[in-house]
Protein chains: 2
Amino acid sequence: MKGLRQDLGFNLGVLFRAYVKASNVVLADIPGGPRGYQILTAAVHGDAGSQVALCRELGVDRTVMTYLVDDLEKAGLVRREPDPRDRRNRRIVITEGGRETWEHAERRLRAVGAHLLGDLPEAEATAFRQTLEHLARRADAADPVSHRCQLVEDL
Amino acid sequence: MKGLRQDLGFNLGVLFRAYVKASNVVLADIPGGPRGYQILTAAVHGDAGSQVALCRELGVDRTVMTYLVDDLEKAGLVRREPDPRDRRNRRIVITEGGRETWEHAERRLRAVGAHLLGDLPEAEATAFRQTLEHLARRADAADPVSHRCQLVEDL
DNA sequence: CATAATAATCTGTACGACAGATGATCTGGG
DNA sequence: CCCAGATCATCTGTCGTACAGATTATTATG
């Protein structure tokens, strides 16, 4: 398997899957798993102006978002509130229980992350986190969708 | 969305999805997409001793592997050869056309990776690659499955 | 006021993953 | 030598999820 071991994408996938695997355990009691958690996070920070906005952020289909929020609402973690400024929008607001659930999960997720970076020396771990954050931000800003053609052409 | 931006797992996901998105375009003409490519890579390096071995490496279900290899074989990129040492095993061997296809894809994928790390200074990019490779190797060795309980308990 | 656009939802469909059973082959113990 | 158990690959059936398309409520534009 030496061939793949050096591949950026492959390694990215391995690490990501390891993380997902672990977080699935941690987030088992949150409806929707990882994605449910991400929605909670947005709600906690008040970033959930509308469902479509969330869809674009999290990269999920709009029809999926509907029943994700359904389940979170059923579990009493969030409420849907019509936006007074545009009553088509539903603002996703966090409940008491939702905040507690989120805080608990957030603490445990942090531990998972720490465990994943595990044996790295402090400096290297920090550098990795920073670079990763930078890259993610950039990848997100310059959405690959608009780069595809360009990418495919120039090789 | 500030809340999620600092999250290790979230950033991993964003970057990984960006990569997958781009590579899907590059690997569009390989049956099975990214996973087909990974199988080709293993075949090129002669690492495909058996299908189950590949399954474990790549993290795909054994029943899925069957039709993945089916498609690659139909496209003339690989051949199944019975292993003389254990005739239950099928060794996946690369064909002429398969090697060419793989080499072409590999070159383009490298470009995608370079594009993803894009504006990083040379030193930082290298460091990131190395750390990532290290982490992936570790995550793979210490399979989270065996660490779950431990993980969940100690918090 | 009429028409187009957008947010959310609902319905139906299709694809992919996984569980379980089957056939072929290997291994080890009697 | 033979039989039981394990393993590799395959096939079948089922289920869950994602996505396309139509629908309803609301807003924006002419």
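Model, not experiment: these values are computed from the prediction.

**Student:** Help me get a handle on the protein's contact with DNA strand C, residues and values and all.
**Tutor:** Near DNA strand C lie 17 residues; those nearest to it are A:Q51, A:T63, A:T66, A:R88 and B:R87. Listed by contribution, the elements that provide at least two residues to the surface near DNA strand C are helix 4 (51–58), helix 5 (62–74) and strand 2 (86–94) of chain A together with helix 5 (62–74) and strand 2 (86–94) of chain B. A per-element tally of the surface near DNA strand C places helix 5 of chain A first, with four residues. Counted by class, the surface near DNA strand C contains three nonpolar, six polar and eight charged residues.

**Student:** Describe the interface of chain A and chain B, and please don't skip the residues or the numbers.
**Tutor:** On the chain B side, the residues contacting the 59 residues of chain A number 59 residues. For the side of chain A that touches chain B, the secondary-structure elements that each account for two or more residues are helix 1 (2–5), helix 2 (8–26), helix 3 (33–44), helix 6 (96–117), helix 7 (122–141) and helix 8 (144–153) of chain A. For the side of chain A that touches chain B, the element with the highest residue contribution is helix 2 of chain A, accounting for 17 residues. For the side of chain A that touches chain B, the per-class residue count stands at 30 nonpolar, 14 polar and 15 charged.

**Student:** Quick rundown of the packing of helix 7 of chain A against helix 7 (residues 122–141) of chain B? Include the residues and the values.
**Tutor:** Relative to each other, helix 7 of chain A and helix 7 of chain B sit at 110 degrees, their axes nearing to 10 Å. With respect to each other, helix 7 of chain A and helix 7 of chain B are oriented roughly perpendicular. Of helix 7 of chain B, the residues touching helix 7 of chain A (which contributes A:E124, A:A127, A:F128 and A:T131) are B:E124, B:A127, B:F128 and B:T131. A breakdown of the residues in the contact of helix 7 of chain A with helix 7 of chain B according to their chemical character gives four nonpolar, two polar and two charged.

**Student:** I'd like a description of the pairing of strand 1 (residues 78–83) of chain A, backed by residues and values.
**Tutor:** Residues and elements named next belong to chain A. Taken together, the six bridges between strand 1 and strand 2 define a ladder with antiparallel strand orientation. Among the inter-strand pairings, P82 is bridged to a residue of strand 2, identified as R90. Count of turn residues in the strand 1/strand 2 antiparallel hairpin: two residues.

**Student:** So, the protein's contact with DNA strand D: which residues are in play, and what are the values?
**Tutor:** Around DNA strand D sit 17 residues in total, of which A:R87, B:S50, B:Q51, B:V52 and B:T63 are the nearest. Of all the secondary-structure elements, those providing two or more residues to the surface near DNA strand D are helix 5 and strand 2 of chain A together with helix 4 (51–58), helix 5 and strand 2 of chain B.

**Student:** So what's going on with the confidence of the model for chain A? Which residues, and what values?
**Tutor:** Looking at chain A, pLDDT values average 84 and 88% of them are 70 or higher. Counting interchain partners and residues more than four positions distant, the pLDDT-below-50 stretch residues 144–155 of chain A has 16 contacts.

**Student:** Would you mind going over the relation of the copies chain A and chain B in detail, with residue names and values included?
**Tutor:** In this arrangement, two copies of a chain are superimposed by a rotation about an axis accompanied by a shift along the axis. Between chain A and chain B, which share one sequence, the superposing operator has a rotation angle of 180 degrees and an axial displacement of 0.1 Å; the RMSD is 0.1 Å. The transformation relating the two chain copies, once decomposed into turn and shift, fits a two-fold axis. For chain A, the residue whose C-alpha comes nearest the rotation axis is A:F128, separated from it by 3.1 Å. The fraction of interface residues of chain A whose copies in chain B are also interface residues reaches 100%, indicating that both copies meet through the same surface.

**Student:** Requested: an account of helix 5 of chain B, with residues and values cited.
**Tutor:** Residue and element names in this part refer to chain B. With 13 residues, helix 5 should reach 18 Å at 1.5 Å per residue; the first-to-last C-alpha distance of 19 Å fits that figure. Residues M65, L68, V69 and L72 constitute the buried set of helix 5. Taken end-on, helix 5 shows its buried residues confined to a sector of 95 degrees, consistent with a single buried face. Exposed positions of helix 5 whose direction lies more than 90 degrees from the buried face are T63, Y67 and K74. Where the residues of helix 5 are buried, they touch helix 3 (33–44), helix 4, strand 1 (78–83) and strand 2. Once helix 5 ends, the next one or two residues include G76, with phi positive near 75 degrees.

**Student:** Tell me about the packing of helix 3 of chain B against helix 6 (residues 96–117) of chain B, residues and numbers included.
**Tutor:** Any two packed helices are characterised by the angle at which their axes cross and by the distance between the axes. Residues and elements named next belong to chain B. In the contact formed by helix 3 and helix 6, the axes pass within 10 Å of each other and the chain directions differ by 115 degrees. Considering how the two elements wind past one another, helix 3 and helix 6 form a crossing that is left-handed. Of helix 6, the residues touching helix 3 (which contributes Y37, L40, T41, A43 and V44) are G98, R99, W102 and A105.

**Student:** Describe the UniProt feature "domain: HTH marR-type" (unreviewed entry) in chain A, with residues and values.
**Tutor:** According to UniProt, the feature "domain: HTH marR-type" (unreviewed entry) maps to residues 5–137 of chain A in the numbering used here. In residues 5–137 of chain A, the share of helix is 68% and the share of strand is 11%. The end C-alpha atoms are 25 Å apart.

**Student:** Please provide a residue-by-residue account of helix 6 of chain A, values included.
**Tutor:** Residue and element names in this part refer to chain A. Taking 1.5 Å per residue as the helical rise, helix 6 with its 22 residues ought to reach 32 Å, and the 32 Å between its terminal C-alpha atoms agrees with that figure. Within the span of helix 6, buried status applies to G98, T101, W102, A105, L109, V112 and L116. Buried residues along helix 6 cover an arc of 95 degrees about the axis, so they all sit on one side. Structural note: helix 6 exposes E96, E100, E103 and R107 on the side pointing more than 90 degrees away from its buried face. Immediately downstream of helix 6, the backbone of G118 shows phi near 20 degrees, a positive value.

Rules used throughout
Per chain, the residues get numbers from 1 upward, laid out in the order the sequence is written. The naming scheme follows written order: chains are lettered A onward, ligands numbered 1 onward. pLDDT decides what is reported in this predicted model: residues at 70 or higher carry local features, side-chain atom pairs at 80 or more are listed and counted, and totals for whole chains, interfaces and linings draw on all residues regardless. Each residue receives a C-beta atom placed from its backbone. It is near a molecule or strand if this atom lies within 6 Å of it. For the purposes of this entry, the term helix denotes a DSSP run of H or I that reaches at least four residues, the term strand denotes a run of E that reaches at least two, and both are numbered from the N terminus. Three classes are used: nonpolar for Ala, Val, Leu, Ile, Met, Phe, Trp, Tyr, Cys and Pro, charged for Asp, Glu, Lys and Arg, and polar for all others, with Gly counted as polar. We call two residues in contact when the distance between their C-beta atoms, placed using the backbone, is within 7 Å. Note on definitions: angles span 0 to 180 degrees between N-to-C directions of axes, and those axes are lines fitted to C-alpha atoms, for helices only across the stretch in contact. Put simply, angles under 35 degrees are roughly parallel, angles over 145 are roughly antiparallel, angles from 65 to 115 are roughly perpendicular, and the rest are oblique. The criterion for strand pairing is that DSSP finds at least two bridges linking the strands in question. The quantity called pLDDT is the predictor's confidence in a given residue, expressed from 0 to 100. When the copies are superposed, the least-squares fit takes in the C-alpha atoms of residues with a pLDDT of at least 70 in both. By this rule, a helix spans an expected 1.5 Å times one less than how many residues it contains. Backbone-placed C-beta atoms define the burial measure: a residue is buried with 20 or more other C-beta atoms within 10 Å of its own, exposed with 12 or fewer, and partly exposed in between. Directions pointing from the helix axis toward each C-beta atom define the arc. Note: crossing handedness is left-handed where the near helix turns anticlockwise from the far helix by less than a right angle, and right-handed where it turns clockwise. UniProt positions are given in the numbering used here, feature names are shortened, and annotations may be inferred rather than shown by experiment.

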